Amino acid sequence: MKVLKGLYYSNDHEWVKVEGDEAFVGITDFAQEHLGDIVYVELPEIDDEFAKEDSFSVVESVKAASDVYLPVSGKVIAVNEALEDDPALLNTDAYENWIVKIALNDKAELDELMTSEEYEKFLEEEA
Amino acid sequence: MTAKKTPLYDEHVKLGGNVVDYAGWLLPVQYTGLIPEHEAVRNAVGIFDVSHMGEITVRGKDAVAFVDYLMTNDITKIVDNQIIYTFMCYPDGGVVDDLLVYRYDNDYLYLVVNASNSDKDYAWMLEQKGNFDVKIENISDSVGEIAIQGPMAQKTLQKLTDFDLNKVGFFYLQRDVIIDGVNCMISRTGYTGEDGFEVYADNEGIVKVWNSVLEAGKEFGILPAGLGCRDTLRFEASLPLYGHEISEEINPLEGGFKYFVKLDKAGDFIGKEELNKQWSEGLKRKLAGFELIGRGIAREGMEIQKDGVAIGHVTTGYMSPTLKKTIGNALLASEFTDIGTELDVIIRNKTVKAKVISKRFLKRK
């Protein structure tokens, strides 16, 4: 189970990669493996605003649709359009293929997330 | 109540199956992955544990007459070793279950029913027995069953038996076939749209057959296949799933299965009067196939609208692994079921455009 260092992680298996006042958000390797073959990704619009823990995307496997939750509040400034034509990219590399880029509302919210070490421990306990 | 294990439970665990509770049974949704398993069945061979299915026998001199009275299809038309697909209905035409009737001989019928309905079916049959001279037995707990499906299914199974499988035609059965030393009843039937066999044996024997088939199928690329691809395969093949395309509320005519409802067969059957009435008056609702034009995947339960008015709902929807299209079945007000009709599917509060297409999703060679 791949866990990248230097990222923040949520209980729902999303990751956040901070770059100044902006961040990339995606789903973890654990999440993509659990979902199975991903066949569809629903992306939000640019300028959509979300509160912490709002559902901002839906990732679908053949069998089911799963909400993806934003670990920190923010406004969407970019979406990964490659996922529209090739949703399986999330299976190929869950860290390389981000879902959205957001402008962070409140960087203090990052303190409520897990570090990569904490997430690794979390996976050991949960899995 | 804890979920039940089939005789093959330990094998699923050994194979790394993702086991879930399905209708009170512990069965794998998938082993390697839904899509590879689905593709294995379409292109090579897959093996399913279907031991959870129910088996009910009807024996006695009135066996055919009794079962013909219970069923929409004409049970008097099949010969020894032949199988017929049929619905068993309530007086209002709603479906108790869809099932297969295997005719062993005139006095011995073997019914294979949905796992989720087996207790209900058995109770219903006992209730309807009346003065028919028959003995009805629910033997589900003592029968194990597997399904071997795909273009290489016959080649795989033939390696394990001296019996010439070419002798078993489509929708025919053969009893006492020895498969790798195990006495089995086999039928050329299935729920995938591919060629294949269903194999019945006792609980101990089915484990041996399962492992023998997995070994024999290795050279063809056999995969153990779970409940996940079982549903995508049957959906693509236009086969109904009880509770979705047919149910206590959705009758077989609405589902588009009139071929299996012999409205003018000689014998009476439960629901005959009501179904005849609905047919002659014209059905108010019908099942239609549809394809999404906009982005998204339609899922069962989603509402269908036309010009902002609700006209029906999705009964099954998928991103079809074989066709690679987002398609589905929907129960709609009849006036909207012509091919080409444009519809709106409500997907999580978004309106997504769709159009009615033929329910025959797979084009067979």
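Keep in mind the model is a prediction, meaning the values are calculated, not measured.

K.L.:
I'd love a proper account of the overall build of chain A, names of residues and values included.
P.N.:
Per the secondary structure count, chain A includes four helices and nine strands. Helices and strands appear in chain A in the N-to-C order β-β-β-α-β-β-β-β-β-α-α-β-α. In terms of overall size, chain A behaves like a compact globule, its C-alpha atoms giving a radius of gyration of 13 Å where 127 residues would be expected to give roughly 14 Å. Taking the principal axes of the C-alpha coordinates as reference, chain A spans close to 35 × 35 × 20 Å. When each of the 127 residues of chain A is scored for burial, the buried share is 37%.

K.L.:
Give me the lowdown on the sheet that holds strand β1 (residues 4-5) of chain B, citing residues and values where you can.
P.N.:
Residues and elements named next belong to chain B. If you trace the three strands from one edge of the open sheet to the other, you get β1-β3-β2, paired in mixed fashion. The two strands at the open ends of the sheet, each matched to only one other strand, are β1 and β2 (19-22). In this structure, β1 lies alongside strand β3 (residues 25-28), joined through two bridges in parallel fashion. Looking across to β3, one finds that K4 is bridged to W25.

K.L.:
Give a detailed account of the domain arrangement of chain B, specifying residues and quantitative values.
P.N.:
Residues and elements named next belong to chain B. Segmenting chain B into domains produces domain 1 (4-51 + 143-236), domain 2 (54-141) and domain 3 (284-357). Centre-to-centre, using C-alpha coordinates, domain 1 lies 24 Å away from domain 2. With three residues, the top contributor of residues to the side of domain 1 that touches domain 2 is strand β11 (residues 173-179). Looking at the side of domain 1 that touches domain 2 residue by residue, the class counts come to six nonpolar, three polar and one charged.

Cut-offs and rules
Here the residue numbering is sequential within each chain, running from 1 through the sequence in written order. Chains and ligands are labelled by the order in which they are written, letters from A for the one and numbers from 1 for the other. Note on the predicted model: pLDDT of at least 70 is required for a residue's local features to be given, and 80 or more for side-chain atom pairs to be given and counted; whole-chain, interface and lining totals, by contrast, use all residues. Counting from the N terminus, the helices are DSSP H or I runs at least four residues long and the strands are E runs at least two residues long. A radius of gyration in this sense is built from C-alpha atoms; the matching globule rule multiplies 2.2 Å by the number of residues raised to 0.38. Put plainly, a residue is buried at 20 or more neighbouring C-beta atoms within 10 Å of its own, exposed at 12 or fewer, and partly exposed in between, counting only other residues' C-beta atoms, which are placed from the backbone. Two strands are said to pair when DSSP picks up at least two bridges between them. The source of the domain bounds is an automatic or database domain assignment. Think of it as three bins: nonpolar holds Ala, Val, Leu, Ile, Met, Phe, Trp, Tyr, Cys and Pro, charged holds Asp, Glu, Lys and Arg, and polar takes everything else, Gly as well.

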